[in-house]
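# Reading the structure
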Amino acid sequence: MSASNSKSVRFSVAPGGRLQGRLRVPGDKSISHRSIMLGSLAGGETRVSGFLEGEDSLATLDAFKAMGVRIEGPENGHVHIQGVGLYGLQAPPRPLDLGNSGTSMRLMAGLLAGQAFNVTLTGDASLSGRPMKRVVEPLTRMGAHIGTTDRGTAPLAIQGGAPLTGIDYDMPVASAQVKSSVLLAGLYASGTTCVTEPAPTRDHTERMLDGMGYPVQRAGNKVCLEGGHTLRGITIDVPADISSAAFFLVGASIASASDLVLEHVGMNPTRTGVIDILKQMGASIEIENRREVGGEPVADLHVRAAPLHGIEISPELVPLAIDEFPVLFVAAACAKGRTVLTGAEELRVKESDRIQVMADGLVALGIEATPTPDGMIIEGGSIIAGSVDSHGDHRIAMAFAMAALRAQGTIEISDCANVNTSFPGFVELASQSGLRINGI
Ligand code: S3P
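Calculation rules
- Residues numbered from 1 in each chain as written.
- Predicted model: local features only at pLDDT ≥ 70, side-chain atom pairs only at ≥ 80, totals over all residues.
- Heavy atoms only, no water.
- Domains from an automatic or database assignment.
- Contact = heavy atoms within 4.5 Å.
- Buried area = accessible area lost by both parts, 1.4 Å probe.
- Salt bridge = Lys/Arg side-chain N within 4 Å of Asp/Glu carboxyl O.
- Helix = DSSP H or I, 4+ residues; strand = E, 2+ residues; numbered from the N terminus.
- Nonpolar A, V, L, I, M, F, W, Y, C, P; charged D, E, K, R; others polar.
- 1 Å grid on protein atoms, 1.4 Å probe; cavity = no way out; pocket = protein on both sides within 12 Å on 5 of 7 lines; lining within 4 Å.
- Points joined across faces, edges and corners; volume = space filled by probe spheres on them.
- Pairing = 2+ DSSP bridges.
- Axes fitted to C-alpha atoms, helices over the stretch in contact; angles between N-to-C directions.
- Near = heavy atom within 4 Å.
- Polar contact = N/O pair within 3.5 Å; in protein donor to acceptor, adjacent residues only side chain to side chain.
- Areas by Shrake-Rupley, 256 points an atom, 1.4 Å probe, with all protein chains shown as cover.
- Sits in = over half its atoms within 2 Å of the grid points.
- Disulfide = S-S within 2.5 Å.
- Buried < 20%, exposed > 50% of the residue type's maximum accessible area, 1.4 Å probe, protein only.
- pLDDT = per-residue confidence, 0-100.
- Parallel < 35°, antiparallel > 145°, perpendicular 65-115°, else oblique.
- Left-handed = near helix turned anticlockwise from the far one by under 90°.

Right, let's get into the domain arrangement of the chain. Once the domains are mapped, the chain shows domain 1 (3–27 + 239–439) and domain 2 (29–237). Using only C-alpha atoms to locate each centre, domain 1 and domain 2 end up separated by 28 Å. Across the contact, 30 residues belong to domain 1 and 25 residues belong to domain 2. In this assembly, domain 1 packs against domain 2 so that about 2300 Å² is buried in total across both faces, 45% of it on carbon and sulfur atoms. On the domain 1 side of the interface with domain 2, the three residues burying the most area are R271, E351 and T421, jointly 22% of the side's total. Between R130 and E351 there is a salt bridge, and its shortest N-O distance comes to 3.9 Å. Secondary-structure elements contributing two or more residues to the side of domain 1 that touches domain 2 are β17 (296–304), α11 (394–403) and α12 (419–422). At 3 residues, α12 tops the list of elements feeding residues into the side of domain 1 that touches domain 2. For the side of domain 1 that touches domain 2, the per-class residue count stands at 11 nonpolar, 10 polar and 9 charged.

Below is the structure:
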């Protein structure tokens, strides 16, 4: 499967079944990206295990190789990076193609704004339609020169050699990508760079900087760092991605007699909104064997089938579950009563418009789903057989695959190749645990 033949990959998922056993989903995408970026900028070697060998994190890895960093692997999730230091990157011979990966583009825009060389960042059709002004605007205030299209989208043409100055940025959207982009530029800025977020967002950048010995000050919703310090190479054990585990948390909750353990799942409190939301809906999820690996909390999640009921999802939980709404909408479709989501307009600018695309798919499967500007209203009901279009969005394809566990007939899902961006081996792992899925 590759992005180039994305339209031709389909999932056909037969109805029924239950999810059972123990499994470990692939490594966390956010932490995998950051391990390559910060490992490259560190002095000395960074050794990564559990690295996500998906197209998104591989796009980051290839980009840093193209900028002269010696990176071995990935091999069975192991990557060795010979860090070149903050000023050791070299001009890449061509534009860096970041595929479908918003995290690569937004974080690298900040990091590359501080280099001495020019570089252009490009992406696929989905990434080329996503808003980049949200990073270009604060980076420009710091002194960066970044060209976009008239619509504020990629390609991003970053001019090197611009001296950066720290800013105190009041971030208008709750976005870890924007926060991280500004902080990465701050490594190269004179003075102090601060970001204040309107609500807590994932803090993997701050944790990894701290783990690599870079001083970061955090107080409440504000994070600050000073330019001019150095990073040292470390060992990073990437936990399993809670965003990938989420498909199985929902699948096992909605399919009767399911009993599943998800191993070594990242439990960073800025990522666990999906567990809170599912528990409020009545899910049975036990958190076992809590531990810490390399500055990130991890646990095994034991999930059993349980009757779900609709809820009003608290808007404060939205940034803490931002990538899990496609599959949470499937949980809502299988729940008794009404689920209402508000405060989630960000879903409209993800890999697809996740509010519209999920509403269209749910309606095609016989569910009453009403999109609103910033969320959705879903009446729990019976899922019928049908065809849905994932619009090349990995999380939508996997969410509808799980819906088949409760469907009356086969669900056909089109445009699924991008599942490889975040969850290589999804079809195999899901079918081993009981989903009746075929990738065609
Ligand atoms: C990510 C942050 C989130 C999330 C994305 C990964 C990150 O995006 O949706 O999948 O690694 O920082 P936003 O920060 O734009 O919400």
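Now for empty space enclosed by the protein. Under the criterion given, the structure shown has 1 cavity of 30 Å³ or more. Put simply, the largest cavity is a space of about 30 Å³. What lines the largest cavity is D28, I31, H204, I242, G266, M267, N268, R271 and E296. Class assignment for the residues of the lining of the largest cavity results in 3 nonpolar, 3 polar and 3 charged.

Our next topic: the sheet that holds strand β15 (residues 259–266). Spatial strand order, β2-β15-β17-β16: 4 strands in an open sheet with mixed pairing. The open sheet terminates on both sides in strands that have one partner only, identified here as β2 (20–23) and β16 (284–293). Pairs of neighbouring strands in the sheet enclose a mean axial angle of 15°, with direction left out of account. Strand direction decides the pairing type here: β16 and β17, joined by 8 bridges, are antiparallel. Looking across to β17, one finds that R291 is bridged to V298. Lying on the sheet, helix α8 (residues 273–280) is in contact with β16 and β17; it crosses β16 at an angle near 160°.

Right, let's get into the sheet that holds strand β19 (residues 338–341). Across the sheet, 4 strands lie side by side as β18-β19-β21-β20; this open sheet has mixed pairing. The outermost strands of the open sheet, each flanked by one partner alone, are β18 (312–313) and β20 (368–372). Pairing geometry for β20 and strand β21 (residues 375–379), over 5 bridges, is antiparallel. Bridge pairing in β21 links A369 to I378.

The next subject is the site of the ligand. The ligand sits among S30, R34, T103, S175, A176, Q177, R202, I322, D323 and K350. Between the ligand and the protein, one listed contact pairs an oxygen atom with a backbone N or O atom of Q177 at 2.9 Å. K350 places a polar side-chain atom, nitrogen or oxygen, 2.7 Å from an oxygen atom of the ligand. Against a free-state accessible area of 380 Å², the protein chains account for coverage of 95% of the ligand. Taking a 2 Å distance to the grid points as the criterion, the majority of the atoms of the ligand fall inside the largest pocket. Only α1 (29–41) and α5 (176–186) provide two or more residues apiece to the shell around the ligand. A breakdown of the residues in the shell around the ligand according to their chemical character gives 2 nonpolar, 4 polar and 4 charged. Counting contributing residues per domain, the shell around the ligand is built from domain 1 (3–27 + 239–439) and domain 2 (29–237), each supplying no fewer than three.

Before going further, it helps to spend a moment on the layout of surface pockets. Empty space among the atoms can be located by rolling a probe the size of a water molecule over them. Volume-wise, the largest pocket comes out at about 560 Å³. Residue lining of the largest pocket: 35 residues in total, with A174, S175, I322, E346 and K350 positioned closest to the centre. Residue assignment for the lining of the largest pocket shows that the elements contributing at least two residues are α1, α3 (102–113) and α5.

Our focus in this paragraph is the state of the cysteines. Per the stated rule, a full pass over the model turns up 1 disulfide. Residue pairing for C194: its cysteine sulfur links by disulfide to C224, the two sulfurs lying 2.2 Å apart. Taking the sign of the torsion about the S-S bond as the criterion, the disulfide between C194 and C224, at about 110°, is right-handed. Note that C194 is positioned in strand β11 (residues 192–196) and C224 in strand β13 (residues 222–226), a separation of 30 residues in sequence. Both residues of the pair, C194 and C224, count as buried. With no disulfide of its own, C334 lies closest to C416 among cysteine sulfurs, the gap being 18 Å. Classification of C416 as buried rests on a relative accessible area of 1%.

In this section: the confidence of the model for the chain. Per-chain confidence: the chain averages 97 in pLDDT, with 98% of residues scoring 70 or above. Taken together, the stretch residues 1–6 has pLDDT below 50 and engages in 13 contacts with residues farther than four places along the chain or on a different chain.

With that settled, consider the packing of helix α4 (residues 133–141) against α5. Contact geometry for α4 and α5: axes closest at 9 Å, N-to-C directions at 30°. Classified by the interaxial angle, the pair formed by α4 and α5 is roughly parallel. Viewed along their axes, α4 and α5 form a crossing whose handedness is right-handed. Facing R134, V135, P138 and L139 of α4, the residues of α5 in contact are Q177, V178, S181, V182 and A185. Partitioning the contact of α4 with α5 into residue classes produces 6 nonpolar, 2 polar and 1 charged.

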